[in-house]
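Each chain, letter by letter, is given below.
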Amino acid sequence: FFSLSIHFFEKMAPYSGLVAESSGLNAGMETVLVTGGCGFIGSHCSKELLTRGYRVIVVDEMNGYYDIRIKERNLRELRNWVSETDRFSFY
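As the structure is a computational prediction, the values presented were derived from the model and not from experiment.

Caption draft 1: The packing of aromatic side chains, seen in detail. Following the criterion strictly, the structure yields zero aromatic pairs and no others. A cation over an aromatic ring shows up here: Lys47 above the ring of Trp81, its NZ or CZ 4.4 Å from the ring centre.

Caption draft 2: Summary view of the nonpolar core. Of all hydrophobic cores here, the largest spans 11 residues; its members are Val32, Val34, Cys38, Leu49, Leu50, Val56, Val58, Leu75, Leu78, Val82 and Phe88. Counting only elements with at least two residues in this core, the list comes to strand E2 (31–35), helix H1 (40–51), strand E3 (55–59) and helix H2 (68–81). In this structure, Val58 is in contact with Val34, Gly37, Cys38, Ser46, Phe88, Ser89, Phe90 and Tyr91, ignoring residues within four places of it in sequence.

Caption draft 3: Fine view of the pattern of salt bridges. Under the counting rule described, the total for this entry stands at four salt bridges. Its salt-bridge partner being Arg52, residue Glu48 comes within 2.8 Å of it at the nearest N-O pair. Judged by relative accessible area, Glu48 falls into the partly exposed class, the value being 37%. Overall, the relative accessible area of 61% leaves Arg52 in the exposed class. With a shortest N-O distance of 3.3 Å, Lys71 and Asp60 are connected by a salt bridge. One end of the pair, Lys71, is in helix H2; the other, Asp60, is in the loop between E3 and H2, with 11 residues separating them in the sequence. Taking the relative accessible area as the measure of exposure, Asp60 reaches 10% and is therefore buried.

Caption draft 4: Broad picture of the pairing of E2. With four of its five residues buried, E2 lies for the most part within the structure. Direction of pairing for E2 relative to E3: parallel, over a ladder of five bridges. Across the sheet, residue Leu33 finds its bridge partner in E3, namely Ile57. Between E2 and its parallel partner E3, the chain crosses via H1, and the hand of that crossover is right-handed.

Caption draft 5: Region of interest: the side chain of Ser43. Mapped onto the elements, Ser43 comes out in helix H1. Owing to a relative accessible area of 6%, Ser43 belongs among the buried residues under this scheme. Not counting residues up to four positions away in its chain, the partners in contact with Ser43 are Gly37, Cys38, Asn74 and Leu78.

Caption draft 6: View of the packing of H1 against H2. Two elements in contact, H1 and H2, have axes whose closest approach is 10 Å; the angle formed by their N-to-C orientations is 0 degrees. Classified by the interaxial angle, the pair formed by H1 and H2 is roughly parallel. For the pair formed by H1 and H2, the contact residues are Phe40, Ser43, Ser46, Lys47, Leu50 and Thr51 on the first element and Asn74, Leu78 and Trp81 on the second. Its residues assigned to classes, the contact of H1 with H2 shows four nonpolar, four polar and one charged.

Here is what the cut-offs are and how they apply
- Residues numbered from 1 in each chain as written.
- Predicted model: local features only at pLDDT ≥ 70, side-chain atom pairs only at ≥ 80, totals over all residues.
- Heavy atoms only, no water.
- Phe/Tyr/Trp six-rings, centres within 6.5 Å; stacked < 30°, edge-to-face > 60°.
- Lys NZ or Arg CZ within 6 Å of the ring centre and 35° of its normal.
- Core = buried A, V, L, I, M, F, W, Y, C linked by side-chain atoms within 4.5 Å.
- Buried < 20%, exposed > 50% of the residue type's maximum accessible area, 1.4 Å probe, protein only.
- Helix = DSSP H or I, 4+ residues; strand = E, 2+ residues; numbered from the N terminus.
- Contact = heavy atoms within 4.5 Å.
- Salt bridge = Lys/Arg side-chain N within 4 Å of Asp/Glu carboxyl O.
- Pairing = 2+ DSSP bridges.
- Right-handed = clockwise from strand over helix to strand, strands pointing away.
- Axes fitted to C-alpha atoms, helices over the stretch in contact; angles between N-to-C directions.
- Parallel < 35°, antiparallel > 145°, perpendicular 65-115°, else oblique.
- Nonpolar A, V, L, I, M, F, W, Y, C, P; charged D, E, K, R; others polar.

In C-alpha cells:
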C-alpha cells in the first residue's frame, strides 16, 4: 500500500490587508503540494514538476514501509535537482 497525492494551488489575488505580499522570488510561481514525495513515484513526479518550473512542497513521513535509505536518496536528489532553494521545500 502506498499513498501519493498531488495538489495544485491556484494563484490568488493579493488581499490588501495581508502583511506579506506576493512580490518576492516566488511571485507568480505556481505551487504544488506532493504528499509521499520521497517514494519512487512521488520523487519522479516532484522532479518533473521542478523541471517545469513549479514550486514544489513535499510532505513525506519517511516511514520504514520500504528501505528508508531509498527515500533519503530520493530526497537528496530532489534537493540537488533545483538550484533555487526557494522552489523546493520538504516537511
